[in-house]
Every structure is written in structure tokens, then in C-alpha cells.
Amino acid sequence: MNIEIYENKLTVNSYIEIKESVCKINNSKLQIAKSLKNDLYDVVVIDGNKLVGMGRIVGDGAIYWYLQDVAVIPEYQGKGVGRIIVKKLMDYIYSSSLSDTKTTIGLMAAKGKEEFYKKFGFIERPNDDQGPGMIQIISK
Ligand SMILES: CC(C)(COP(=O)(O)OP(=O)(O)OC[C@H]1O[C@@H](n2cnc3c(N)ncnc32)[C@H](O)[C@@H]1OP(=O)(O)O)[C@@H](O)C(=O)NCCC(=O)NCCS
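Computed from a predicted structure; not experimentally measured.

Bringing the nonpolar core into the picture now. Membership of the largest hydrophobic core comes to 31 residues, with the highest contact counts inside it found for Tyr 15, Ile 18, Ile 32, Ile 85 and Leu 89. Of all elements in the fold, only α1 (12–22), α2 (29–38), β2 (41–47), β3 (50–59), β4 (64–72) and α3 (81–96) reach the threshold of two or more residues within this core. In contact with Ile 18, not counting residues within four places along its chain, are Val 44, Leu 51, Gly 53, Met 54, Ala 71 and Ile 73.

And the structure:
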């Protein structure tokens, strides 16, 4: 592998290609373009000419940060690419956070990927002290 990581270079087409390799997409190109424009940070991982993975951060850049769209194409999974992506995202958050503050990093793990994220210090909810994460999907 000759892995290269590009920061803030994720395009709509690259996003679609990588994401479709791991799940079905329900978003329009327009919506994806707006989403990418509004993220705080993203990385795309390339091996030679091949797109192999991506990861993004959305949030307010101060108190709340969310890892989104961390994905590695199936034939590259289990080779350490996901670790590189999450490390890069975590480094960005750490370096962008204000000194002498606490800041919260959240994510929604894909089913069965919880252990992957635990390796980076994430904990599952609900637990003894905290309720579950909750979501709602709306249509317009
Ligand atoms: C989850 C994902 C990002 C992990 O990336 P990856 O490149 O396969 O993971 P890595 O090879 O970097 O693994 C890093 C570590 O996590 C572990 N790990 C990875 N996936 C794991 C899993 N599902 N369960 C337990 N451990 C896991 C690895 O064994 C490795 O451990 P080690 O460092 O102690 O050896 C990737 O598998 C992926 O994109 N999967 C599809 C996600 C998906 O379906 N998303 C749905 C979107 S709708």
C-alpha cells in the first residue's frame, strides 16, 4: 500500500463512491455538496489512484465535535486504514480545541463497529450514568 491522506479535499463524487461501497446512500448530490461545505474537517485516503477511505468532523468547533462518515472500502478494511483516519480526525480535534477546556466528541457507530471505536477511547451509551443517544430522521 502507498497510502496518502488529503485534508479537506473530499469531493461529492469521492464521498458517494466510498460511502456506496459500505452502505446505501439516501442523499442528493446537492445535499452532499452542502454537507461537505459545512463540515469542519475531512480526510480522504488514497492508495495510488484508488479511493480507499474517508472521515469527517461536524460540530461547533469548540464544545461539540462529531465523527461522521468514517468509512473504508471493503477490500481495504482490516489493514489499518480506519485507524489512520480516526487518528487524523482526533488529532484535528485536539489541535483545534481551546486550551484548559473539556470538549465532547460523539459518533454513531455502525452496527458491529463499536469495538473499533472503543480502541480510541469512546464509550457506549447508555451506561450507568448516561442515557442513550437518540436520533430522528425527517423528510421534507
Ligand atoms: C469500521 C471501519 C471504519 C474500520 O476501519 P478498518 O480499516 O477496517 O479498521 P483498522 O484495520 O484500522 O482496525 C483498527 C483496529 O480496530 C479493530 N477493528 C476494526 N474493526 C473492528 C470490528 N468491527 N470489531 C472489533 N475490532 C475492530 C482492528 O482489529 C484493529 O485493531 P488493532 O489495532 O488492535 O489491531 C471500517 O471497517 C468500515 O468502514 N466499515 C464499514 C462501516 C459501515 O458499514 N458503515 C455504515 C455506514 S452507513
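All right, on to the environment of Tyr 94 then. Note that Tyr 94 resides in helix α3. On a C-alpha basis, the gap between Tyr 94 and Ile 137 in space is 30 Å, while along the polypeptide they are 43 residues apart.

Okay, α3 next. Owing to its 3.6 residues per turn, the α-helix brings residues three or four apart onto one side. The end-to-end C-alpha distance of α3, which contains 16 residues, comes to 23 Å, matching closely the 22 Å that a straight helix rising 1.5 Å per residue would cover. For α3, every residue scored as buried is listed here: Val 81, Gly 82, Ile 85, Val 86, Leu 89 and Ile 93. Buried residues in α3, looked at end-on, bunch into an arc of 135°, giving them a common side. Opposite the packed face of α3, turned more than 90 degrees from it, sit the exposed residues Tyr 94 and Ser 95. Against β1 (3–7), β2, β3, β4, β5 (104–107) and α4 (114–118) lie the buried residues of α3.

The ligand sits among 18 residues. The nearest are Cys 23, Val 72, Gly 80, Gly 82 and Arg 83. Contact distances for the ligand include 3.2 Å between an oxygen atom and a backbone N or O atom of Lys 79. Note that an oxygen atom of the ligand is positioned 2.6 Å from one of the side-chain N or O atoms of Arg 83. If you list the elements that add at least two residues to the shell around the ligand, you get β4, α3 and α4. For the shell around the ligand, the per-class residue count stands at eight nonpolar, five polar and five charged.

As for its placement among the helices and strands, Ser 97 is situated in the loop between α3 and β5. For Ser 97, a relative accessible area of 17% translates into the label buried. Setting aside residues no more than four positions away along its own chain, Ser 97 makes contact with Trp 65 and Thr 103.

Moving on, we get to the packing of α1 against α2. Across the interface, α1 lies against α2 with an axial gap of 9 Å and an inter-helix angle of 105°. Here α1 is positioned roughly perpendicular relative to α2, judged by the angle of their axes. In this structure, α1 contributes Val 12, Asn 13, Tyr 15 and Ile 16 to the contact, and α2 contributes Lys 29, Ile 32, Ala 33 and Leu 36. Taken together, the residues that form the contact of α1 with α2 break down as six nonpolar, one polar and one charged.

Our focus in this paragraph is α1. Along α1, the positions that sit buried rather than exposed are Val 12, Ser 14, Tyr 15, Ile 16, Ile 18 and Lys 19. Looking at the buried residues of α1, the elements they touch are α2, β2, β3 and β4.

Now for the UniProt feature "domain: N-acetyltransferase" (unreviewed entry) in the protein chain. Following the UniProt record, the feature "domain: N-acetyltransferase" (unreviewed entry) maps to residues 3–140 here. When the span residues 3–140 is considered, its composition is 30% helix and 25% strand, and the gap between its end C-alpha atoms is 40 Å.

Where β3 meets β4, six bridges bridge the pair, whose relative direction is antiparallel. In the strand pairing of β4, Arg 56 is matched with Gln 68. In this antiparallel pair of consecutive strands, β3 and β4, the connection spans four residues, and Gly 61 shows a positive phi of 75°. Judged from the four bridges that link them, β4 and β5 form a sheet pairing that is parallel. The residue of β5 that forms the bridge with Tyr 66 is Gly 106.

Calculation criteria
- Residues numbered from 1 in each chain as written.
- Predicted model: local features only at pLDDT ≥ 70, side-chain atom pairs only at ≥ 80, totals over all residues.
- Heavy atoms only, no water.
- Core = buried A, V, L, I, M, F, W, Y, C linked by side-chain atoms within 4.5 Å.
- Buried < 20%, exposed > 50% of the residue type's maximum accessible area, 1.4 Å probe, protein only.
- Helix = DSSP H or I, 4+ residues; strand = E, 2+ residues; numbered from the N terminus.
- Contact = heavy atoms within 4.5 Å.
- Expected span 1.5 Å × (residues − 1).
- Arc of directions from axis to C-beta.
- Near = heavy atom within 4 Å.
- Polar contact = N/O pair within 3.5 Å; in protein donor to acceptor, adjacent residues only side chain to side chain.
- Nonpolar A, V, L, I, M, F, W, Y, C, P; charged D, E, K, R; others polar.
- Axes fitted to C-alpha atoms, helices over the stretch in contact; angles between N-to-C directions.
- Parallel < 35°, antiparallel > 145°, perpendicular 65-115°, else oblique.
- UniProt positions renumbered as here; feature names shortened; annotations may be inferred.
- Pairing = 2+ DSSP bridges.

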